[in-house]
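Reading the structure
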Amino acid sequence: MKVKNKQIFIPLAALLLLALFNLAMDPSFFKISLGNNSAGDPVLTGYLMTILDYGSEVAILAIGMTLVTAACGGQDISVGAAVAIAGSVILRVLVGQGGDGTLQAPIIVAFLIACVVAMLFGAFNGVLVAIFNIQPMVATLILYTAGRSIAAWINNNELPIVTDQTFTYFGGFIPGIPVPTPFFLAVVCVVLILLALKFTNLGLYTQAVGINASSSRLNGLNPTFIKWLSFVILGLCVAVVGLIKTSRLSTINYSVIAKDIEMDAILAVALGGNALSGGKFNIMASILGAYVIQFLTTTLYKFNVSSDALPAYKAVVVIILVVISAPAVKDKLAAYGKKWKKQKEVG
Amino acid sequence: MPVKENAVLEMKNIHKSFPGVRALDGVDFSLCEGEIHALMGENGAGKSTLIKVLTGVYEKDEGDIFLKGHDKAVAIRSPQDAQNLGISTVYQEITLCPNLTVAENMYIGRGKSKLTKWRKMNADADRILENLGIPAKANQQLSDCSIAVQQMVAIARAVDMDCKVLILDEPTSSLDESEVEKLFGLMKDLRARGVGIIFVTHFLDQVYEVCDKITVLRDGRLVGEYVIEDLPRVKLVAKMLGKELDDMEEIKDENQMYKGPDERVIEVEGLQSDAGIKPFDFYIKKGEVNGFTGLLGSGRSECVRAIFAADKVVAGTVKKNGKAVKITKPLDAMKNGIAYLPEDRKRDGIVGDLSVRDNIILAAQVLRGFFRPFSKAEANKFADEYIKLLEIKTASADTPIKSLSGGNQQKVILARWLLTHPEYLILDEPTRGIDIGTKIEIQKLVLKLASEGMSVTFISSETDEMLRTCSRLVVMRDRKVVGELSKDELTQSKVMETIAGGGME
């Protein structure tokens, strides 16, 4: 099969286009230099490192978002708010209320509790979608609206600060390793999901349910459970991002943390060529899509587009993507391609 | 102007083709004033196409439509045209707005002057409802009315729009008996007022209860128009199925039957699902091929769906090899060695975007378990094996199933269930919409599987196909098991007689 027909073609082409653009405008975009961070450890810096760092957050969320999209034919718009909740839970467990910033519990315990809480909220969304058959965007609108308030409420609206240095590793660098930790976390998540897809039937079941739930049921599957499960898995991804986000600041800003990240995650799924109406999916394409989006964001920042104007530029990209992948346009393009080929043969 | 006296509608020599199908081939139809006229035919006979031509949903390729009061043939290019000409349709699904009031539903889309003067509108509506004896109030919200009343409101709307021709397309499917009675009362009332009513239904009893005339279509052609007294049920069924009574070919193949112990593999008692069938008993023996027969909508699919727990089972017991088993969901049935090839291939069978390979292994994979996926090699082996065995025509095992032809899709679904090595295989309309060659292949396969000891239930709309394959037939009518035929009773005439049930009760 030709590369052109493969799903990964769209994100790859977009990546190439962005890379070429940067190469033409300013090759220094690709410069990576070794320096020292504030703690005196050697770290790699440069635009590409920024992409690797922040793109990993979106990549982790894109894993869960791909599964939700495939199984339910809709998207979860509450992940940003859920990240705030997960982050808040981590801080609450780590330093408690009115603490002096020293660790009250091991980080792993805080993270595991955050995982449980995030999965519970995912399960809540999953129940609304899978059992009550509410359109996913509408169902998750509830948590989207309430999530940040819940996050603030968990810490009594205080802003706990973690002073312990090890906590900064997850969103920054582990001493001696010059590559940002979020990238490794993303790698771990990707490896885990790929293992799950290889050694279980998660992929087959999710796709079957997303394509034809009625037929799946008659083949012994439980579409309700599969849909619900996808939301729980997304909850797990949310907890990991919650850890990264709070680690970056050692504290939390309830209204800003992970703001609009759900849009990037959904965009990553779309950019990966996955049908937003569900069905077949390709996790790796989504993950590549996530880094492409960060590539775009970073490029825009480099050209001094203000963060307020950023969404407008992204919107242009979304419009182009959606139009290109619309069946009507695809058919037209294919028809033109055929015509062109014929003409060439005749000529 | 229609030629016939009293006729309000005449359709002459109507042709309509779709790509690859001739849906209507020179059909004539006429409707008189003050008559209830049943339009009968099995699936694909052309009933709905004819109605859609009449109501402007489809444009006819050829032919003329004459209406009373119009000198020349009328042109009906849209449902709006049809409505303006006094042709109204009431469908099985309510096409009104549930969140508006009864009166608003009656007057919407007919100029806004009425809708804004709501006091007058309500008074008018109430008068019409009372006049027709419809138990609804004008200012009631439509969704508060029962389905039957909603349908009557739709009829009232049609009547008030001065309709001459009223089409009722399967109006009774979702009604209970007392509601049907009320609807019939209204229909008779309208007949007395001179409205011509076209009644489409699958319920034979209802035809004989209210109709004056019957027009039968088959395979897009007109079979004939009959006065109800001249066409007893048995004859009607024969006309619909296209078999004359004396056309009793015996096509039975006894030499390769399964010869083994005579044990009942599956036995059900008082089984009932939420799909609206009456409780039924049923059993199947090892190596036996049996069938459920009956007209469309008689409940034959619902029976097998209940056995497979595809619909929610509400009562009854299931025994497998004499032992009681609990089957509450399809997976339970699959674990008990039951396989079910559903009637609606597109909706319930194929998983369109998945490859032929994934479609073949799906059921076996689900049975094997979430944590034990087949390896690529195993999946390929199974797929190749069955593609070869059933001669599935596909570019490769990777091809999405939706790009295969109907017959080949059906073979893939068949392969899917054979791969689970079932003891009891249920095939619901496995041969519908597929070419004749594949049909025979499937019939042969069924007999071969049975000779090897598999129990098979084979359902088909084509009686001769069932006679050819089945050694026992369960006959259904109006969602009830009404008889069982075996051995010498397995003849066209006997089957038709039992389906029609002419005066048996």
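Before going into details, it helps to say that this report is about the structure given with it. The model shown is predicted, which means the values in this text are computed figures rather than measured ones.

What follows deals with the overall build of chain A. For chain A, the count of helices and strands is 13 helices and two strands. Compactness check: chain A gives a C-alpha radius of gyration of 21 Å against a globular reference of 20 Å for 347 residues, within 12% of the reference. For chain A, the spread of C-alpha atoms along the principal axes amounts to about 80 × 55 × 40 Å. With 347 residues in all, chain A has 48% of them scored as buried. Within chain A, counting contacts between residues at least 6 apart in sequence, those at least 24 apart form 77% of the total.

With that out of the way, let us pick up helix α11 (residues 283-302) of chain A. Residues and elements named next belong to chain A. End to end, α11 covers 29 Å across 20 residues, agreeing with the expected 28 Å (1.5 Å per residue, within 8%). With 16 of 20 residues buried, α11 is to be regarded as a mostly interior element. At the exit of α11 stands Asn 304, carrying a positive phi of roughly 60 degrees.

Turning to the environment of Ala 450 of chain B, a few remarks are in order. Residue and element names in this part refer to chain B. By the secondary structure assignment, Ala 450 is in helix α16 (residues 436-451). By the C-beta count within 10 Å, which is 24 here, Ala 450 ends up buried. Sequence spacing of Ala 450 and Gly 287 is 163 residues, and the spatial spacing of their C-alpha atoms is 4.5 Å. In this view, Ala 450 contacts Tyr 258, Gly 287, Glu 288, Val 289 and Val 456; residues no more than four positions away in its chain are not counted.

Counting residues at the interface gives 18 residues for chain A, matched by 23 residues for chain B. Those elements that provide at least two residues to the side of chain A that touches chain B are α7 (202-211) and α8 (213-218) of chain A. The element contributing the most residues to the side of chain A that touches chain B is α8 of chain A, with five residues. Split into classes, the residues belonging to the side of chain A that touches chain B amount to six nonpolar, ten polar and two charged.

Residue and element names in this part refer to chain B. An order of β11-β10-β13-β14 is seen for the four strands of this open sheet, with the pairing classed as antiparallel. This sheet does not close on itself; its edge strands, each paired only once, are β11 (280-285) and β14 (323-325). Each adjacent strand pair in this sheet contributes to an overall mean axis angle of 20 degrees, direction not counted. Summarising the sheet, strand β10 (residues 264-273) and strand β13 (residues 313-320) pair through six bridges and their orientation is antiparallel. Looking at β13, one finds that Glu 267 is bridged to Lys 319. Of the strands in this sheet, β10, β11 and β13 are in contact with helix α10 (residues 300-307), which crosses β10 at around 110 degrees.

How each quantity is defined
Residues numbered from 1 in each chain as written. Chains lettered and ligands numbered in written order. Predicted model: local features only at pLDDT ≥ 70, side-chain atom pairs only at ≥ 80, totals over all residues. Helix = DSSP H or I, 4+ residues; strand = E, 2+ residues; numbered from the N terminus. Rg over C-alpha atoms; globule rule 2.2 N^0.38 Å. Buried ≥ 20, exposed ≤ 12 C-beta atoms within 10 Å, placed from the backbone. Contact = placed C-beta atoms within 7 Å. Expected span 1.5 Å × (residues − 1). Nonpolar A, V, L, I, M, F, W, Y, C, P; charged D, E, K, R; others polar. Pairing = 2+ DSSP bridges. Axes fitted to C-alpha atoms, helices over the stretch in contact; angles between N-to-C directions.

Purely spatial values, then, with no claim about function.
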